[in-house]
Structures are given as structure tokens and as C-alpha cells.
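A structural walkthrough
As a plain string of letters, each chain reads:
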Amino acid sequence: MSACLTVMAKQPERGRVKTRIAAVLGDDQAAEVCQCALDDTLALAASIADVAHVLSYAPPTGDGQRYFRQVAPDFVLIPQQGATLGERISGTLAALLEDHSSVVLIGSDSPDLPAEFITRAFEMLRGPTEVVLGPANDGGYYLLGVRSMQPILFERIHWSTAVVAQQTRARAAEAGLQMADLPHWHDLDTVADLQALIAPGAPRTRAFVAALNQRN
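Residues numbered from 1 in each chain as written. Predicted model: local features only at pLDDT ≥ 70, side-chain atom pairs only at ≥ 80, totals over all residues. Heavy atoms only, no water.

1. Observations concerning the pattern of salt bridges
- Under the defined criterion, the tally for this structure stands at 10 salt bridges.
- Here Asp 27 ties to Arg 14 by a salt bridge, and the two come within 3.9 Å at their closest N and O atoms. One end of the pair, Asp 27, is in helix H2 (residues 27-46); the other, Arg 14, is in the loop between strand S1 (3-10) and helix H1 (19-25), with 13 residues separating them in the sequence.
- Classification of Asp 27 by relative accessible area gives partly exposed; the value is 30%.
- A residue is classified by how much of its surface remains accessible, and Arg 14, at 56% relative accessible area, is exposed.
- Between Asp 181 and Arg 169 there is a salt bridge, with the nearest N and O atoms lying 2.8 Å from each other. Highlighted residues: Asp 181 in strand S7 (residues 179-181) and Arg 169 in helix H6 (residues 164-174), separated in sequence by 12 residues.
- On the basis of relative accessibility, which here comes to 29%, the residue Arg 169 falls in the partly exposed class. (Salt bridge = Lys/Arg side-chain N within 4 Å of Asp/Glu carboxyl O. Helix = DSSP H or I, 4+ residues; strand = E, 2+ residues; numbered from the N terminus. Buried < 20%, exposed > 50% of the residue type's maximum accessible area, 1.4 Å probe, protein only.)

Here you go:
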């Protein structure tokens, strides 16, 4: 079975994405930021060779499917299911691990993520490592990689808080799982984060920021 790289993404709908950025720049520009970050993330994922490419999308509607079929024609699409982020991540992993030897999952909030972080995750999973975590600077994680389904990784987690990565490590330790960390990286949640994007990553998002800076 092949390894699988999965992008979890939300449709960039006006008024429903990047609320902290929208509070400063407005709903239209927040949606544009989200679209740019998604495009950059899909390009990053597509650059990773010798793995299957999947996009797990929300909302799980006909409109959502049509939108993502257009923006990600080379990705296999699966709808996200579940009320919480943990349920959506675990459901995506469970479905994909039925057909793949390992799954590395990333979001679209780190569009400048170095490709070598992703390839390193797959390399780790080919060895004794059972779980790979990419910790985010805000306390969450930007990447999760597994070789088998581990439901405990999604139990007793305070989602969308600064302790998600810490609690995930604790759950892995409870289960006796061999876990490895990648370097810390940043998410794209605020206007300040826009100014912190690192070249050469996220070219479309950085172009948006450059245009924004010129206007201001």
C-alpha cells in the first residue's frame, strides 16, 4: 500500500474563514487570504512525490465538493465528517488508513511550510516511529502522521487551545506509542502572521501580502 499525504481544508467562504484577519481587513480580504493559502498548500502537497494526494474538505456538501473538484483536480476528495475538529481529523485518518500504509495530514494554515518537513515525516514513519507531530507555535499542530489508527490521540484534547500538542503527546505516552516531533512552525491566523511568512514558501500568499502592503 502507498503512503498518503492529506490536506484538510475549509472552503474559503466570505464571512466564515480567518475571523481574526477579517476583523482587521474585512471579510473579502480574509477569504482571499484563505484562498491564497489553500492554493499554496495544494501546490506544496503536489510537490511531494511517491505518495497519494488526498484533500479532506469542508463543508461536506455538494457545493463544497464542486468547489474543491475545481481547485484540486489532481487530488482524491473525501468529505470531512464530525462535529469537532478531533472527530474530523480522526475520521479522515481512519478512512485513509484502510487503503494506505501511512498517512501524513496537514492543514492549509501553514502555506510556507518547508517541503522537507513533510518528507521527513514520511521517512520517520517508515522506521520505528508510530506517530509524527508537527507542533505549531500557538500550541496546536500543523502536521500529524500515523501508521495505524490511534483513537486515543483524539481523546481528552482541548481543541483550538494552546495545549493541543502537549495533550496529544500525553495521550501518545499513555498508549506507549513511539512519537517524534518535527520542528516548530507557525500558523496563519492573524494579520501579524501574514507579515511573518518565509520565502520561498507560500508565493501566492506572499504576493497578496506585498500588494496589501503597497496599498497601505
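Once the structure has been displayed, the description carries forward.
2. Observations concerning the sheet that holds strand S4 (residues 102-106)
- Spatial strand order, S3-S2-S1-S4-S6-S5-S7: 7 strands in an open sheet with mixed pairing. Since the sheet does not close on itself, it has two edges, and those belong to strand S3 (76-79) and S7, each with one partner. Strand-to-strand twist across the sheet, computed as the mean angle between neighbouring axes with direction ignored, equals 20°.
- Of the strand pairs in this sheet, S4 and strand S6 (residues 141-146) are connected by 4 bridges, and their pairing is antiparallel. Looking at the pairing, Ile 106 lines up with Leu 143 of S6.
- Packed onto the sheet, H2 meets S1, strand S2 (52-58) and S4 and runs at close to 175° relative to S1.
- Relative to S4, helix H4 (residues 85-97) is tilted by about 150°, and along the sheet it contacts S1, S2, S3, S4 and S6. (Pairing = 2+ DSSP bridges. Axes fitted to C-alpha atoms, helices over the stretch in contact; angles between N-to-C directions. Contact = heavy atoms within 4.5 Å.)

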